[in-house]
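Residue-level structural notes
Each chain, letter by letter, is given below.
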Amino acid sequence: MRHTITITVENKFGVLSRVAGLFSGRGFNIESLSVGETLDPTISRMTIVTRGDDRIIEQVTKQLRKLVDVIKVTDLTDSSFVDREMILVKISATEKNKAEILRINEIFRGKIVDVSPTTYTFEITGDEGKIEAFIKLIKPFGVKEISRTGKVAILREMNGE
Amino acid sequence: MQQIRRVTMQMSGAEILVKALQEEGVEVIFGYPGGVLLDFYDALFRAGMRHILTRHEQAAAHAADGYARASGKVGVCMATSGPGATNLVTGIATAHMDSVPVVAFTGQVPSHMIGGDAFQEADIIGITRPITKHSYLATSPGELPKIVQEAFHIASTGRPGPVVIDLPKDVLQGKGKYHRPDKVEIRGYKPKTEGHPGQIKRVLSEIMKAKRPVIYAGGGVVISGAGGELVAFAEKNMIPVTNTLLGLGGFPGNHPLFLGMLGMHGTYQANMTIHESDLIIAIGARFDDRVTGAVAKFAPSARVVHIDVDPSAISKNIVVHVPVVGDVRGVLKELNKIQKGEKAVWKEIRSKWLDRVRAWGEERPLSYDRKSSLIKPQYVIEKLSELAPDDAIITTEVGQNQMWVAQYYKFVKPRTLLSSGGLGTMGYGFPAAMGAQFAFPKRVVVDVAGDGSIQMNIQELATVAQHNIPVKIVILNNCFLGMVRQWQELFYDARYSQTCLSSNPDFVKVAEAYGVKGIRISDKAEVEAGLKEALAHPGPVVVDCQIDREEGVYPMVPAGAASSEMIFGPDRKKKESKLKAVK
Ligand SMILES: Cc1ncc(C[n+]2csc(CCOP(=O)(O)OP(=O)(O)O)c2C)c(N)n1
């Protein structure tokens, strides 16, 4: 099963390799990982998407909690959360398909972040479904390059209930 | 004036480090110098701090480990950059697997050269990442007191383990102020010590329901100093107790409720009791594969209570029904406190079960051929157990020697057996014995060795000779890598591939060459006198005890079998024909 785990860690060198090492040391893959500073510059937040059966994931979260530099581990999978990913896609554009490409971008509310005589680069943000749908539609036009941030995620606030 | 005061308050990183170690109460460092550590060794010299020069860095790490296991304090070792640091690796991994509080310092090339493949550079933080509890790369002299303080705290609290501190040369040479924080504050590290009261109550209700309970106690009991609490708990509930290898000594070996060790070379009684039980109370243990055998067949009708300080140990290898996360001693104390009911009541309830348990003990006690004219290793261990005082510290190497000690030596006190259980490191026992002897100069310390293992750190004879510390080494010499040979005998048709040590040195002469007393025992009749002579000698001794070459360790649970499926010896007929083939 797919799990989305967020971790807050000390913003120090070496922390990323400790976290990554726990996964690689047990022989399983991180699908995506994103890291960034929080409001407190001494703390970073990681969002990790990984796959594994419940026992493995339980072991990994326990092992993550044991790391001295890890402050908090939350497996969001069984909770209600929002996740987003951003991609930058460079697409070959010709006179013939230009209009069609721009239309697709518009539907997905993408931004044009770079233009050249033969290419467009779009920025698309969304959840996994949106990102995958966009890639699927745009692929036939000739994707030159694609760069994905990996997911970031946050718990939904339930106070209003 | 201002100026002068500022200057006097500035210390070198090396001096700061020595002071930080002194403030942690470090009595002795085991180590080996080198280029990048020159400043540290100079500061150490000037401060008059105790340092033991081992003859190999691996031995320094094991000595720090032995010191820590024997005393319960943090052991400290030190090695230079590159090869010095990589030589520590086996020792650090050994300490990691067995949860031993060790702080290992490594020299490092100057900060600005890190990553440039400088002379004697090794990324020791990276290399040791999976085998340490935590590690630090020091970046300035001023932060050394905080790092050292944190490292000692992390190494010794929660589930203990090794911490590495990497010291670039410029950090040792640079200047800074000594400032040690008042207390350790690490937001990501707050080990849970108290067991959840609700879970503790559930343990008691499991005990109430159980008809065939057994306590399976591991190294955690020894580490947390819960020996007394465990005895009280077992006696109160009349529950029999089996120990893991690292648990031995955590429960008195001569107690009527004691079943001996369990697992691959455990007693028939312990393994049958576990197999037939309906409740296993695991305390400070981790269901290692040497204990469970085939997990699917392990204790088929048992519910499992697991008390451990490390949440990640719970439900790792087998499913646990009632977990209690907390310090073992505290949890046992609480259990003893809140449990009502008298021992007498339990005696009545348990009598049927305890009768069965007793019968298993009588049916198949540990045994060997006592009539043999050869020196049986089991006999040597029994004699040693008889002759050495109760508080003697016994270390082992790895292999048959280790298992015979576990089976035949009666450990009655915690922290008297030091053995590499998790990693199974040959070469551990002798340096660990040195470490223990430095912690307790007056106690008897004996390394029970194999002729293979002892040669992995035999150079340490120079260290014991230099300090004239009275470590005794008893080599159970079978001119074989015995444990591997035993597997070849049983499962590979006695093809003794690369296990015959036919050109062993004369160990008595080796000892003498180092200025250490050597004793040879080649006849059964000499065993007692030889051991007595060794124990009575005030300095170090090597005893070369020439045992029956093909003796095996039994019982044995073959790999993949259930713990109730033990074998008790080699197939006699097959064995004889093979002996002929060898000759
Ligand atoms: C460093 C290391 N290398 C290899 C092994 C594998 N091994 C386990 S037991 C053993 C044989 C040990 O022989 P010896 O020290 O003579 O002891 P004996 O079994 O004969 O008592 C070996 C090679 C090990 N445990 N450790």
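Residues numbered from 1 in each chain as written. Chains lettered and ligands numbered in written order. Predicted model: local features only at pLDDT ≥ 70, side-chain atom pairs only at ≥ 80, totals over all residues. Heavy atoms only, no water.

**What to know about the sheet that holds strand β3 (residues 43–51) of chain A**
Residue and element names in this part refer to chain A. So the rule is basically this: Strands qualify as paired when DSSP identifies two bridges or more between them. Runs of H or I in DSSP of at least four residues are treated as helices and runs of E of at least two as strands, each being numbered from the N terminus. Note on method: axes are straight lines fitted to C-alpha atoms, helices fitted across the in-contact stretch only, with angles between N-to-C directions ranging 0 to 180 degrees. Every residue pair with non-hydrogen atoms within 4.5 Å of one another is taken to be in contact.
The antiparallel open sheet is built from four strands, whose spatial order is β2-β3-β1-β4. The open sheet is flanked by β2 (30–37) and β4 (70–75), the only strands paired with a single partner. Across the sheet, the mean angle separating the axes of adjacent strands is 15° when strand polarity is ignored. Here strand β1 (residues 2–10) pairs with β4 via five bridges, running antiparallel. By the bridge assignment, Thr 6 is partnered in β4 with Thr 74. In the packing of helix α1 (residues 15–24) onto the sheet, the strands contacted are β1, β2, β3 and β4, and the crossing angle to β3 comes to about 20°.

**A word on the interface of chain A and chain B**
Keep this limit in mind: Summed over both partners, the accessible area lost on bringing two parts together, with a 1.4 Å probe, is the buried area. Any Lys or Arg side-chain nitrogen found within 4 Å of a carboxyl oxygen on Asp or Glu counts as a salt bridge. Pairs of N or O atoms are called polar contacts if they sit within 3.5 Å, as long as, within protein, a hydrogen donor faces a hydrogen acceptor (for residues adjacent in sequence, only side-chain-to-side-chain pairs). Nonpolar residues are Ala, Val, Leu, Ile, Met, Phe, Trp, Tyr, Cys and Pro. Charged residues are Asp, Glu, Lys and Arg, and all others, Gly as well, are polar.
Each partner contributes to the interface: chain A provides 19 residues, whereas chain B provides 19 residues. Summed over both sides, the interface between chain A and chain B buries roughly 1500 Å², with carbon and sulfur atoms accounting for 48% of that surface. The closest approach of N and O atoms between B:Arg187 and A:Glu10, which form a salt bridge, is 2.8 Å. Summed over the shared surface of chain A and chain B, the result is ten residue pairs in polar contact (both at pLDDT 80 or more). Elements that contribute at least two residues to the side of chain A that touches chain B include exactly α1, α2 (54–66) and β4 of chain A. By residue number, the principal contributor to the side of chain A that touches chain B is α2(A), which donates six residues. Across the side of chain A that touches chain B, the residue classes tally to six nonpolar, five polar and eight charged.

**Regarding the side chain of B:Asp447**
All names here are of chain B. The cut-off we apply is this: Exposure categories follow from relative accessible area, calculated using a 1.4 Å probe and restricted to protein chains: below 20% of the type maximum is buried, above 50% is exposed, and the middle band is partly exposed. When charges are counted, neither His nor the chain ends are considered; positive counts come from Lys and Arg and negative counts from Asp and Glu.
Mapped onto the secondary structure, Asp 447 falls in strand β17 (residues 445–450). Notably, Asp 447 is buried but unbridged: the nearest opposite-charge side chain belongs to Arg 69, and the N-O separation is 12 Å. A distance of 3.3 Å separates polar atoms of two side chains, one belonging to Asp 447 and the other to Thr 395. Aside from chain neighbours lying at most four places away, what touches Asp 447 is Thr 395, Thr 396, Glu 397, Gly 429, Phe 430, Ala 433, Ile 454, Lys 472, Ile 473 and Val 474.

**Quick notes on the nonpolar core**
Residue and element names in this part refer to chain B. For the record, the criterion: The criterion is simple. A nonpolar core is a set of buried Ala, Val, Leu, Ile, Met, Phe, Trp, Tyr and Cys residues joined through side-chain atoms within 4.5 Å.
In terms of nonpolar packing, the biggest core is built from 66 residues, with Ile 215, Ile 281 and Ile 283 touching the most fellow members. The biggest single contributor to this core is helix α17 (residues 400–408), with five residues. If we ignore the near neighbours within four places in the chain, the residues touching Ile 283 are Ile 215, Tyr 216, Ala 217, Gly 218, Val 221, Leu 230, Phe 233, Ile 307, Val 328 and Leu 332. Membership of the second largest hydrophobic core comes to 47 residues, among which are Ala 61, Ile 125, Leu 418 and Val 516.

**Looking at the sheet that holds strand β12 (residues 279–283) of chain B**
Residues and elements named next belong to chain B. Across the sheet, which stays open at both edges, the six strands sit in the order β11-β10-β9-β12-β13-β14 with parallel pairing between neighbours. Strand pairing shows two members of the sheet lacking a second neighbour, β11 (258–261) and β14 (322–325), which therefore form its edges. For this sheet, the mean angle separating the axes of adjacent strands, direction not counted, is 15°. Sheet analysis places strand β9 (residues 213–217) next to strand β10 (residues 241–243), joined by three bridges and oriented parallel.

**Digging into the pairing of strand β4 (residues 75–79) of chain B**
Residue and element names in this part refer to chain B. Stated formally: Consider the strands pointing away from the viewer: the crossover is right-handed when the path from the first strand over the helix to the second runs clockwise.
Of all five residues in β4, five are buried; the element is thus mostly enclosed. Where burial is concerned, the two faces of β4 agree: the one with Gly 75, Cys 77 and Ala 79 and the one with Val 76 and Met 78 are both buried. Note: β4 against strand β5 (residues 102–108), five bridges, orientation parallel. Counted as the bridge partner of Cys 77 is Ala 104 from β5. After leaving β4, the chain enters helix α5 (residues 83–97) and then returns to the sheet as β5, a path that is right-handed.

**Some points on the environment of B:Glu528**
Structurally, the position occupied by B:Glu528 is in helix α22 (residues 527–536). Setting aside residues up to four positions removed in sequence, B:Glu528 forms contacts with B:Lys383 and B:Leu387.

**Some points on the domain arrangement of chain B**
Residues and elements named next belong to chain B. Keep this limit in mind: Residue ranges assigned to each domain were obtained from an automatic or database domain assignment.
As far as domains go, chain B holds domain 1 (4–181), domain 2 (197–363) and domain 3 (377–554). Between domain 2 and domain 3, the C-alpha centre-to-centre distance is 31 Å. Contact with domain 2, which involves 15 residues of that partner, is made by 18 residues of domain 3. Taken together, the two surfaces of domain 2 and domain 3 that pack against each other cover about 1400 Å², and 66% of this comes from carbon and sulfur. Linking domain 2 with domain 3 are zero salt bridges, by the criterion used here. For the pair domain 2 and domain 3, the interface holds three residue pairs in polar contact (both at pLDDT 80 or more).

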